[in-house]
Amino acid sequence: MILHSQSIEEICKEQNVDIKIGLSSAEVLKRQEQYGKNLLVEKEKRPWILRFLDQFKDFMIIVLLVAALISGVFLQEWIDAGVIFVVVLVNAIIGIIQEGKAEKSLEALKKMSAPNAKVLRNGKKEIISSEDVVPGDIIFIEAGDLVPADARIIEAANLKIEESALTGESVPVEKSEKIIDEKNIPLGDMKNMMFSGTVVTYGRGMGIVVATGMETQSGKIAKALASEKNEETPLQKKLAQIGKYLSILAMGICVAVFIIGMFQSPENLGLEAGNNSFLDKFAAMFMTAVSLAVAAIPEGLPAIVTIVLSMGVVRMVKKNAIVKKLPAVETLGSASVICSDKTGTLTLNQMTVVKAYQNGKLYDLNIDNKENIGEVITLGALCNDGTVSIGEDGKEKHIGDPTETAIVAALMKLGAEKADIDSLYPRVNEVPFDSDRKLMTTVHINNGKYFVVTKGAPDQVVARCPDADKDEIMKANKEMADQALRVLAVSYKILDSIDAIIGPEIESDLKFVGLIGMIDPPRQEAKEAIKVCKTAGIRPVMITGDHKDTAVAIAKGLDITKSADEAISGSELDKMSDDELFANITKYGVYARVSPEHKIRIVKAWQRNGQIVAMTGDGVNDAPSLKAADIGCAMGITGTDVAKGAADMILTDDNFATITEAVKEGRGIFKNIKKAIGFLLSGNLGEIVTIFSAMVMGIGTPLLPVQILWINLVTDSLPALALGVEPVEDGIMEENPRDKEEGLFTKPMLIKTILQGIMIGGLSLLAYVLGKYILPGANADVGHTMAFLVLAIGQLFHSFNMKSDKSLFKTGIMNNKYLIYSFIAGMVLQLAICLIPPVATIFKVAAMPILNWIVVFALDLLVIIFVEIGKLFKRK
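Residues numbered from 1 in each chain as written. Predicted model: local features only at pLDDT ≥ 70, side-chain atom pairs only at ≥ 80, totals over all residues. Heavy atoms only, no water.

A. Spotlight on unusual backbone geometry. One non-glycine residue, N16, lies in the positive phi region at around 55°. Tracing the chain through its elements places N16 in the loop between α1 (8-15) and α2 (25-35). According to the relative accessible area criterion, N16 is exposed, its value standing at 57%. A positive phi angle is found at N158, which is not glycine, with a value near 50°. (Helix = DSSP H or I, 4+ residues; strand = E, 2+ residues; numbered from the N terminus. Buried < 20%, exposed > 50% of the residue type's maximum accessible area, 1.4 Å probe, protein only.)

In structure tokens form, the structure reads like this:
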């Protein structure tokens, strides 16, 4: 964009418009046909039916659907087939609900457009819908207006425009119609341009529209949002990979079990005497193989993980974080870099007076220094059009230029009110601020005498104060400027006569009063949050549209950087290729004066370095990078709708510190998911070991199909869910983030899961042998019953083993009430199907002597004892 370096005459010629007449009605119609409406084009949404069908693409789901189809259609086992279909359908419904993230970014951008616009057409001013604005239109704006389109300014009277949502600049930008000679400058420095969707805070202006709709700067952001693809999170990729491998393994085992079973006797397969035809054996073994597949294939894994994440999301809402997409919780927990916008995220987005210079000394702003700085603050508040009020929620509401409202707020901190001093010293005249003089002057009356107050740029004020100690004042000014403070000087004089009020010398022979230094200050809690991030091995990075000096000063105060060498500007980034940025990205902790395109480059450079990147922000300019990042966190209070729509998570209190809580919760949830997965798979492996070993040994199948389905759908699920809400373990924020490539199954976890599965399977197999061959009243039905009970109840006991790698005697079992509830519920249900005769018949469970029950519980207690011995050896 080089419009800023062109003259108004050149732009009028390019747009073929007379600025005194505007466009004709015929020309408007022609341009509307050429350029279309001044609207943002929305990306076509994927139909819900296709998103629903996507849920069935998973390999392990397809395997189960095929098995269910064969069970129902060919073998007439409709109950078992129905159970499988219900499991798969529930999983799909949960999936589409959680993945149905609404793409609101473009809709929010459309809402930002001004509903009406004031234009000059056919020589007359008109008010039209903003969507009817076309390139070449002459538009008029004033304080409070939203700019309807991108335009080159042709007239500006004290014009200031708030562009922080687009550029990150925390202070409204003074606008001018003057040509800017530099060609390659960032948006924030284009002082003679105004951009669609930004807000006029002061003055008035006039401009020629040069871009509408998708060609505006907001439109380019919308294009960037549409072009960003939604990629799977690390957890989704890992789950899909695990599911595929386990499904293939389980299918192989099931086929082997089926083949071996076909050579077994009917009695070993649980068939009644006489049912020994090939078809009877085929049906029995097929259902056993399908049931084993249901147990072995972790089709419930995505559902369990989704529910665990959902419960984590509920906890996070209580901590002021709303997660829009469930896997984002896990992703944030693995974040290794947090790229944070400065304005409104790390800072308050509110200019605040922090220092004042009066009587040759520099003071901090506090009530104790009221006597030392009261005069400069009071006079600064008199020569001031800003207002500050206290809302019903007890928070300050600032109206007007932020630098002026900052001084009014400072007056309030010193115990005074602007309304009181305005009443005591009424304003009778004024000379408004303009960018040439860089001054504002007001005239007041007190007891019949008039006095002038002038405030503005220190160099301009000091030049008009003949008796001032210029060297000392400018030294104090430099000291504050070096701290990135915005400095205003205040002066006054007593008028000799009323005639002097409107004379040309009103801003001469002034008496210097002092300097006021202000800044958009860091949030008090942000520094502590950044300290926690560093302890947790997370690199905090500041990205802002503000000036480099200001950004570095804030970053030093927050301990993001140590020196200015760790900062880089947008213009310096432009000189770097993507490869150069990738090679140097880790050197920088502050990126200043950046554009939306820069933000995406920065995010992607960190990602190329193997980092999982979280991006926080609140403005329109943050939206593309929020979406490009692994996880985007938008501010809920100051955040624009665009940022919220593009983000994965919204921080409802706009508090950077909430991110550290979210990271902690995310890490805890990931650990809990690993516990739940380890529990499910060790149990599934136990079932496989039990059945496969027995079939190979030629002693029949220890578990019947209906028993396998019961264990898989009831006994496994409740403890797995309870493990998902385990309290976050101490010291989790003292660990480094997980490696991006680290799988759910590390080698130690894989070994532990296999050993625990073999243990559970071995104990169940032992129970089957004891019940079928050794204990009093031994027979196949007693063997099935004992294997069923040891496997089901043993898994309930095993859920306590999964709480932690530490000993149960150290962690205790009472800190997770849901695990206690799941154990009791599982035990009651398991005993009910064994002791209630009609139910026992359905599950083919036999009555047993008391000795058998003692053996069952003794074997189940060994599950705890063996794992505790293993933990002891691991600690040694």
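Text resumes after the structure shown.
B. Here's a closer look at the pairing of strand β17 (residues 486-494). Burial runs high along β17: seven of the nine residues are buried. Of the strand pairs in this sheet, strand β16 (residues 449-456) and β17 are connected by six bridges, and their pairing is antiparallel. The residue bridging V453 from the neighbouring strand is Y492, located in β17. For β17 and strand β18 (residues 511-519), the ladder comprises seven bridges, and the chain directions are antiparallel. What sits directly across from Y492, in β18, is K511. (Pairing = 2+ DSSP bridges.)

C. Highlighting the pattern of salt bridges. Summed over the entire model, instances satisfying the criterion amount to 32 salt bridges. K342 serves as the salt-bridge partner of D546, at 3.1 Å between the closest nitrogen and oxygen. Taken together, the positions of D546 in the loop between β19 (539-543) and α20 (548-558) and K342 in helix α13 (residues 342-346) put the pair 204 residues apart, joining distant regions of the chain. Each member of the pair, D546 as well as K342, is classed as buried. Measuring nitrogen to oxygen at the nearest pair gives 2.9 Å for the salt bridge that ties K803 to E726. One end of the pair, K803, is in the loop between α30 (780-801) and α31 (808-811); the other, E726, is in the loop between α28 (717-723) and α29 (747-774), with 77 residues separating them in the sequence. Each of R315, K319, E661 and E665 takes part in salt bridges that share partners, so that together they form one network. (Salt bridge = Lys/Arg side-chain N within 4 Å of Asp/Glu carboxyl O.)

D. Focus on the sheet that holds β18. Across the sheet, which stays open at both edges, the seven strands sit in the order β11-β10-β18-β17-β16-β15-β14 with antiparallel pairing between neighbours. The sheet terminates laterally at β11 (361-364) and β14 (427-434), the two strands that pair on one side only. Strand after strand, the sheet turns through a mean of 20° between neighbouring axes, direction not considered. Where strand β10 (residues 352-358) and β18 come together, six bridges link them in antiparallel fashion. Pairing of K355 across the sheet is with G517, part of β18. Of the strands in this sheet, β10, β11, β14, β15 (439-446), β16, β17 and β18 are in contact with helix α14 (residues 370-382), which crosses β10 at around 115°. (Axes fitted to C-alpha atoms, helices over the stretch in contact; angles between N-to-C directions. Contact = heavy atoms within 4.5 Å.)

E. A positive patch on the surface, seen in detail. Where like charges cluster on the molecular surface, the positive patch consists of K806, K810, R875 and K876. Relative to the helices and strands, K806 is located in the loop between α30 and α31. For K806, a relative accessible area of 42% corresponds to the partly exposed category. (Patch = residues over 30% accessible without salt bridge, like charges linked within 9 Å, V, L, I, M, F, W, Y side chains within 5 Å. Areas by Shrake-Rupley, 256 points an atom, 1.4 Å probe, with all protein chains shown as cover. Lys, Arg positive; Asp, Glu negative; His and termini not counted. Charge placed at Lys NZ, Arg CZ, Asp CG, Glu CD.)

F. Local environment of the packing of aromatic side chains. Inspection of every chain in the model, using the stated rule, returns seven aromatic pairs. Aromatic pair W710 and F843: ring centres 5.2 Å apart, planes at 75°, arrangement edge-to-face. Remark: F843 occurs in the loop between α33 (837-842) and α34 (850-875) and W710 occurs in helix α27 (residues 705-715); sequence separation between them is 133 residues. Residues W710 and F843 agree in their burial class; the two are buried. Here F797 and F823 contribute two aromatic rings whose centre-to-centre distance is 5.3 Å and whose plane-to-plane angle is 70°, an arrangement assigned as edge-to-face. (Phe/Tyr/Trp six-rings, centres within 6.5 Å; stacked < 30°, edge-to-face > 60°.)

G. Main features of the packing of helix α19 (residues 524-535) against helix α26 (residues 656-697). Across the interface, α19 lies against α26 with an axial gap of 7 Å and an inter-helix angle of 30°. Classified by the angle between their axes, α19 and α26 sit roughly parallel to one another. The handedness of the crossing between α19 and α26 comes out as left-handed. Of the residues in α26, those in contact with E525, A526, A529, I530, V532 and C533 of α19 are F656, A657 and T660. Here the residues of the contact of α19 with α26 are counted per class, giving seven nonpolar, one polar and one charged. (Parallel < 35°, antiparallel > 145°, perpendicular 65-115°, else oblique. Left-handed = near helix turned anticlockwise from the far one by under 90°. Nonpolar A, V, L, I, M, F, W, Y, C, P; charged D, E, K, R; others polar.)

H. Fine view of the sheet that holds strand β22 (residues 613-617). Overall, mixed pairing links the eight strands, which are arranged β8-β24-β23-β22-β9-β19-β21-β20 in an open sheet. Both edges of this open sheet fall to β8 (321-323) and β20 (567-569), since each of them pairs with a single strand only. The sheet shows a mean angle of 20° between the axes of neighbouring strands, taken without regard to direction. Relative to strand β23 (residues 631-635), β22 is paired through four bridges, and the arrangement is parallel. Bridge pairing links A614 to I631 in β23.

I. Molecular detail of the pairing of strand β7 (residues 199-211). Direction of pairing for strand β3 (residues 138-142) relative to β7: antiparallel, over a ladder of five bridges. Across the sheet, I141 pairs through a bridge with G205, a residue of β7. Sheet topology places strand β4 (residues 150-162) next to β7; ten bridges connect them, and they run antiparallel. Bridging across to β7, E162 finds its partner in V199.

J. Molecular detail of the side chain of E868. On the secondary structure map, E868 appears in helix α34. One buried charged residue, E868, remains without a salt bridge, the closest side chain of opposite sign being K871 at 4.0 Å. A polar contact is formed between the side chain of E868 and the backbone nitrogen of L808, at a distance of 3.0 Å. (Polar contact = N/O pair within 3.5 Å; in protein donor to acceptor, adjacent residues only side chain to side chain.)

K. Highlighting helix α18 (residues 470-482). Relative to the 18 Å expected for 13 residues at 1.5 Å per residue, α18 spans 18 Å between its end C-alpha atoms, a close match to the ideal helical length. Within α18, the full set of buried residues consists of I473, A476, N477 and M480. Each buried residue of α18 sits inside an arc of 100° when the element is viewed along its axis, so together they form one side. Looking at α18, the residues exposed on the side facing more than 90 degrees away from the buried face are D471, K475, K478 and D482. Looking at the packing, one finds that the buried side of α18 touches β10, β11, α17 (458-462), β17 and β18. Where α18 ends, the next residue or the one after it, A484, has phi of about 65°, a positive value. (Expected span 1.5 Å × (residues − 1). Arc of directions from axis to C-beta.)

L. Main features of the packing of α29 against α30. Viewed as axis vectors pointing N to C, α29 and α30 meet at an angle of 150°, and their least axial separation amounts to 7 Å. Here α30 runs roughly antiparallel to α29, going by the angle between their axes. Between α29 and α30 lies a crossing of right-handed hand. Along its contact with α29, which presents Q756, I760, L763, S764, A767, Y768, G771 and K772, the element α30 presents A780, V782, G783, H784, M786, A787, V790, L791 and H798. Here the residues of the contact of α29 with α30 sort into ten nonpolar, six polar and one charged.

M. Spatial organisation of a nonpolar patch on the surface. Together, L861, I865, F866, I869 and F873 make up an exposed nonpolar region whose accessible area comes to about 500 Å². Exposure remark for F873: the relative accessible area of 64% places this residue in the exposed category.

N. Quick look at the environment of L819. Of note, L819 is situated in helix α32 (residues 817-835). The buried category is assigned to L819, whose relative accessible area is 0%. A sequence separation of 23 residues divides L819 from L796, and the C-alpha atoms of the two residues are 9.4 Å apart. Apart from the residues within four sequence positions on either side, L819 is in contact with P719, A722, L723, E726, S799, F800 and K803.

Keep in mind that these numbers describe shape and distance, not what the molecule does.
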